[in-house]
Amino acid sequence: MSEHFEDKIKIYGQDAIEPMEKAGKLAARVLDFITPYVKVGVSTGELDKMMHEYIIDNGATPAPLNYRGYPKATCISINHVICHGIPDFNRFLKATDMLNIDVTVVLDGWYGDTSRMFYADEKKAPVKAKKLTEITYECLYRGIDMVKSGNTFGDIGYAIQNYAESQGCSVVRDFVGHGIGRNFHEAPNVFHYGKKGQGKELKEGMIFTIEPMINLGGYEAKILDDGWTAVTRDKSLSAQAEHTLMVVKDGCKIFTESEKGFTKPPYN
């Protein structure tokens, strides 16, 4: 496997594309698979169980399970939970709930990481939840549009922050995107805020996630007593969307796109 490091960031060779595609596509298929089951009355614990079984049945393992003590196969974050929400068999989805499901699989030693937003009932989802979700996906793709050789990580952060704040929202500071490949988390940290031209230069072969967490209120977060669940301090709604991608010659290659064409809710 051809790879080397520049400024502590791993530079992968072209031979990483195929295994990363396989891992990324599987992670995306997990979300495609679970989509019809995300509805009022289902528990987040049951959703997690179904996804766990699907991952295992497809020859992979769920990366979050037992990672630094995390107890579940996926993260399911509802309403004002920013990230790392722990699935629970006693938490049943309500009609007005919005949620993020975050999946990372390990397939043949390679990691695919992605997340999407969902509504328990699209018709009853609050207008502000739908607005925040739209803004979050726009932030994600504006960040992705900045991924090309010669740009900087600051360009990605600036594109996301500038749009989010122009819409009256805020960008979470405490959690960031990350390098990924043959490890769950590698250098660099990918900040979703920043200034044009700052940070390390993007180079062909870098693989990382972009996963902006956008709040309707302030950006401040706190961790609950379970040691994992991150929530907005002001209890405002939070949304997130995530892709794993690689810097390539003419821009970037996204590994975690849906084979069913699901990009953002509603998934019809």
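Residues numbered from 1 in each chain as written. Predicted model: local features only at pLDDT ≥ 70, side-chain atom pairs only at ≥ 80, totals over all residues. Heavy atoms only, no water.

A.B. asks: Help me understand the pattern of salt bridges, please; the structure alone is not making it clear to me.
C.D. replies: When the charged atoms of two side chains lie near each other, side chains of opposite charge can form a pair. According to the stated counting rule, one finds ten salt bridges in the structure shown. With a closest N to O distance of 3.0 Å, D97 and R91 form a salt bridge. Between K130 and E122 there is a salt bridge; the shortest N-O distance is 3.1 Å. Look at E122 and you get partly exposed, because its relative accessible area is 31%. (Salt bridge = Lys/Arg side-chain N within 4 Å of Asp/Glu carboxyl O. Buried < 20%, exposed > 50% of the residue type's maximum accessible area, 1.4 Å probe, protein only.)

A.B. asks: Honestly, empty space enclosed by the protein in this entry has me stumped. Any pointers?
C.D. replies: Take a probe with the size of a water molecule and roll it over the atoms, and the empty space left behind shows itself. Counted according to the given criterion, the structure contains two cavities of 30 Å³ or more. Each pocket or cavity is described by its volume, and for the largest cavity that value is around 60 Å³. If you go around the largest cavity, you meet 14 residues; those closest to its centre are R116, Y141, H243, F262 and T263. Sorting the residues of the lining of the largest cavity by element identifies β7 (110-119) and α3 (127-145) as the ones contributing at least two each. (1 Å grid on protein atoms, 1.4 Å probe; cavity = no way out; pocket = protein on both sides within 12 Å on 5 of 7 lines; lining within 4 Å. Points joined across faces, edges and corners; volume = space filled by probe spheres on them. Helix = DSSP H or I, 4+ residues; strand = E, 2+ residues; numbered from the N terminus.)

A.B. asks: Help me understand the sheet that holds strand β14 (residues 230-232) in this model?
C.D. replies: Pairing between sheet strands relies on hydrogen bonds along the backbone, with the strands arranged either parallel or antiparallel. If you trace the three strands from one edge of the open sheet to the other, you get β5-β14-β13, paired in antiparallel fashion. A strand with exactly one partner marks an edge of an open sheet, and here the two such strands are β5 (81-83) and β13 (221-223). Each neighbouring strand pair of the sheet contributes to a mean axis angle of 40 degrees, computed without reference to strand direction. Bridge count for β5 against β14 is two bridges, and the pairing is antiparallel. (Pairing = 2+ DSSP bridges. Axes fitted to C-alpha atoms, helices over the stretch in contact; angles between N-to-C directions.)

A.B. asks: I would appreciate a short explanation of the nonpolar core in the present structure.
C.D. replies: Generally speaking, soluble globular proteins have nonpolar side chains that are buried together. Counting residues in hydrophobic clusters, the biggest one holds 73 residues, and the most contacted among them are I34, I101, V103, F208, I210 and I214. No other element matches helix α1 (residues 17-34), which puts eight residues into this core. Among all residues touching I101, those that are not within four sequence positions of it are L31, I34, V38, M51, C75, I76, T114, S115, R116 and F118. Counting seven residues, the second largest nonpolar core, distinct from the first, contains I82, V172, F175 and M213. (Core = buried A, V, L, I, M, F, W, Y, C linked by side-chain atoms within 4.5 Å. Contact = heavy atoms within 4.5 Å.)

A.B. asks: Looking at this model, I keep getting lost on the packing of α3 against helix α4 (residues 153-166). Mind explaining?
C.D. replies: Contact geometry of α3 with α4 gives a least axis separation of 8 Å together with a crossing angle of 155 degrees. As the angle between them shows, α3 and α4 are arranged roughly antiparallel. Relative to α4, α3 is oriented so that their crossing is right-handed. The residues of α4 that touch α3, namely those facing I135, E138, C139, R142 and G143, are I156, A159, I160, Y163 and A164. When grouped by side-chain class, the residues that make up the contact of α3 with α4 number seven nonpolar, one polar and two charged. (Parallel < 35°, antiparallel > 145°, perpendicular 65-115°, else oblique. Left-handed = near helix turned anticlockwise from the far one by under 90°. Nonpolar A, V, L, I, M, F, W, Y, C, P; charged D, E, K, R; others polar.)

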